[in-house]
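Fold and geometry: a report
If you want the building blocks of each chain, they are given just below.
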Amino acid sequence: MKNSTNKAVPGSGQKEPGTVQAGVFERLFSRRWFSMTISAVLAVLLWLVVISQEPTQTKTITIPGVTFDYNSALYTGASLDIVDYEDIKVNVVISGDSSAIQQADTPDIIVYPDYTDVSRSGTPGEYSLRLLARRADSALTKFDIDSISPSYVKVTFAKIETKKFAVEVDAQVDPAENYYLGEKVVSPAEVTLRGPENELKQVARVAARVISEEKRDRTMLDSARLMLLDSDGNEIKNSSITILEGEQVEVTIPVLKVKTVPLVFEFSNIPSGYDPAALKATITPATIRIAGPADKIDTIENVNAGFINLPRIQLGRTEALRIQLNEGIVNVDNVQDATVSFDTSGYGEPRSIAVNDIRVVNAPAGVDVKAITESLNNVLLVGLAEELDGIAPQDVIAMVDASAQNITVKGSGQQQFSAQIVVTGSKTVFATGSYPVLCDITVK
């Protein structure tokens, strides 16, 4: 029996497999897009082969300036600060993986001085400091730093001190007519200067200048720039001094209305029937100038300097009162004390008399208050001579005010009260001094 075969017989119409594949490739390569795609793939493969043969590349990056505050604690810890430096550009050569090198740029590198020598020395002066470089903390690409050019930078240091100054207000403000500039307030009231020792010595004052082109009739609030002034009043400019609290302060200049008003006083503990006008009392000064917001000042007709306890005064002597004003009102003349004097012409020598008529008044309901003291001796009366001579003991009464607010005994018991002396039938005679009366209190 004969073996069958798969070979094509010439002329039978069947093609060999190799011939079919060759024809397909011929048709593909005859198309332009396929040829271009194959060429691109081959180019990429070729580039990969090349970079695999050279894995590390270098690149030079120009840094526009040195970062002087990096590791600044090394010189500030020695009370030094930078007052001058070279402004240079630095070329940094980096190396690394090609993809990392291509992505690296200026923000990825920090160039800074090595302050080791300054820290060790601790003395001011000019230094030539070696430059160092590192990757920025935000740099995601990894590369090595090979070299820095230039490799040194000149930096000048000065001894740094701090000094406190009160802030003065240099105000060029005019008040309107009948208005007054109150005490200026600045916030903060004190500032701290920090800078080179030799520059701080030149500062004599720290001032805030406030200027108003118009006459003011209301309080002025302004933000002012601080100025450093020397002993001649000239502003110090272009210095290395810094103001730790900031360059601006807030200034308040009260603009207050001025008014002249009478100064008055009152008598206290005036006995019944007595007319204090008989003393012809006068107060000095008679008027006082005050200032404040217009809405408050317009309502003030006078200033009350206080009270004079009538039974305490002594003939021939003056009484002193302390002038106190309400909050927000300014004593323009800064007069703190007033003096009250009395016209005692026509008054006789004080007369001593015994008072036997002691009366208790105003006792609360259900409470019995009786005077234990039977007589008050040596009650001193003063007044016009002609009336004083005509006063008899029966004309004088000692009044004890036993009102509930004056009783301090809890329940029944004894208590001492201060009696008020009343001279009946006279408007010019009164008693001076203090006269205690012992009373018995019984709760019914």
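In case you missed it, the structure is sitting above this.
All residue numbers refer to positions counted from 1 along the written sequence of the respective chain. Reporting in this predicted model follows two pLDDT cut-offs: at least 70 for local features of residues, and 80 or more for side-chain atom pairs to be given and counted; totals over whole chains, interfaces and linings ignore these cut-offs and use all residues. With hydrogens and water excluded, all non-hydrogen atoms of the structure serve as input to the side-chain values.

1. Side note on the packing of aromatic side chains
Only the six-membered ring of Trp is used, alongside the rings of Phe and Tyr, when aromatic pairs are assigned; centres must lie within 6.5 Å, and planes under 30 degrees apart are stacked while those over 60 apart are edge-to-face, with the rest tilted. In the structure shown here, the tally under the stated rule is nine aromatic pairs. Between Tyr115 and Phe157 the ring centres are 6.1 Å apart and the planes differ by 85°, which places this aromatic pair in the edge-to-face class. With Tyr115 in the loop between strand E4 (109–113) and helix H5 (116–121) and Phe157 in strand E7 (residues 152–172), this pair connects stretches of sequence that are 42 residues apart. Exposure is judged per residue with a 1.4 Å probe applied to protein chains only, and the accessible area is read against the type maximum: over 50% gives exposed, under 20% gives buried, and values in between give partly exposed. Of the residues examined, Tyr115 reaches a relative accessible area of 1% and is grouped as buried. Counting every residue linked through ring pairs, the aromatic cluster contains Tyr75, Tyr115, Tyr127 and Phe157. Under the scheme used here, helices are H or I runs from DSSP no shorter than 4 residues and strands are E runs no shorter than 2 residues, and both carry numbers assigned from the N terminus.

2. Details of the layout of surface pockets
Whether a set of points on the 1 Å grid over the protein atoms alone is a cavity depends on a 1.4 Å probe fitting there but being unable to get out, while an open set qualifies as a pocket with protein on both sides within 12 Å along at least five of seven lines; lining residues are those with an atom within 4 Å of a point. Grid points are joined across faces, edges and corners, and a volume is the space filled by probe spheres set on the points. Of the voids in this model, the largest pocket is the one considered here, and its volume is about 340 Å³. What lines the largest pocket is a set of 17 residues, among which Asn269, Pro311, Ser418, Ala419 and Gln420 lie closest to the centre. When residues of the lining of the largest pocket are traced back to their parent elements, those giving at least two are strand E26 (396–401), strand E27 (413–423) and strand E28 (430–432). Looking at the lining of the largest pocket, its residues break down into eight nonpolar, seven polar and two charged. If you go around the second largest pocket, the residues you meet are Ile290, Ile300, Asn302, Val303, Asn304, Gln324, Leu325, Asn326 and Ile329. Gly falls in the polar group here, along with every residue not listed as nonpolar (Ala, Val, Leu, Ile, Met, Phe, Trp, Tyr, Cys, Pro) or charged (Asp, Glu, Lys, Arg). Per-class residue counts for the lining of the second largest pocket are five nonpolar, four polar and no charged.

3. Remarks on the pattern of salt bridges
Two side chains carrying opposite charge are able to pair once their charged atoms lie near each other. A pair is scored as a salt bridge if a Lys or Arg side-chain nitrogen falls within 4 Å of a carboxyl oxygen belonging to Asp or Glu. Considering all chains together, one arrives at 12 salt bridges under this definition. For Arg289, the salt bridge is made with Asp333, and the minimal N-O distance between the two is 3.0 Å. Highlighted residues: Arg289 in strand E17 (residues 287–292) and Asp333 in the loop between strand E20 (330–331) and strand E21 (337–341), separated in sequence by 44 residues. Overall, the relative accessible area of 37% leaves Arg289 in the partly exposed class. Look at Asp333 and you get partly exposed, because its relative accessible area is 34%.

4. Let's talk about the sheet that holds E28
Ordered in space as E22-E25-E28, the three strands form an open sheet in which the pairing is antiparallel. The two strands at the open ends of the sheet, each matched to only one other strand, are strand E22 (351–355) and E28. Here the strands of the sheet are splayed against their neighbours by 55° on average, with no regard to which way each runs. Two strands pair when backbone bridges link them, and E22 and strand E25 (residues 376–382) are joined in this way by four bridges, in the antiparallel orientation. Note that in E25 the partner of Ile353 across the bridge is Val379. Following DSSP output, two strands are said to pair if at least two bridges run between them. Lines are fitted to the C-alpha atoms to define the axes, a helix being fitted only along its stretch in contact, and any angle between axes, read from their N-to-C directions, falls within 0 to 180 degrees.

5. Some details on the side chain of Thr428
Tracing the backbone through its elements, the reader meets Thr428 in the loop between E27 and E28. Polar contacts, as counted here, are pairs of nitrogen or oxygen atoms within 3.5 Å of one another; within protein the pair requires one atom able to donate a hydrogen and one able to accept it, and residues that are adjacent in sequence qualify only if both atoms are side-chain atoms. In this structure the side chain of Thr428 is engaged in a polar contact, spanning 2.8 Å, whose partner is the side chain of Glu387. Should any heavy atoms of two residues lie within 4.5 Å, those residues are counted as being in contact. If we ignore the near neighbours within four places in the chain, the residues touching Thr428 are Tyr274, Ala278, Tyr347, Val382, Gly383, Leu384 and Glu387.

6. A few points about the environment of Ser121
Among the secondary structure elements, Ser121 is positioned in helix H5. Looking at Ser121, the relative accessible area reads 38%, which means it is partly exposed. Considering only alpha carbons, one finds Ser121 and Ala78, 43 residues apart in sequence, at a separation of 8.7 Å.

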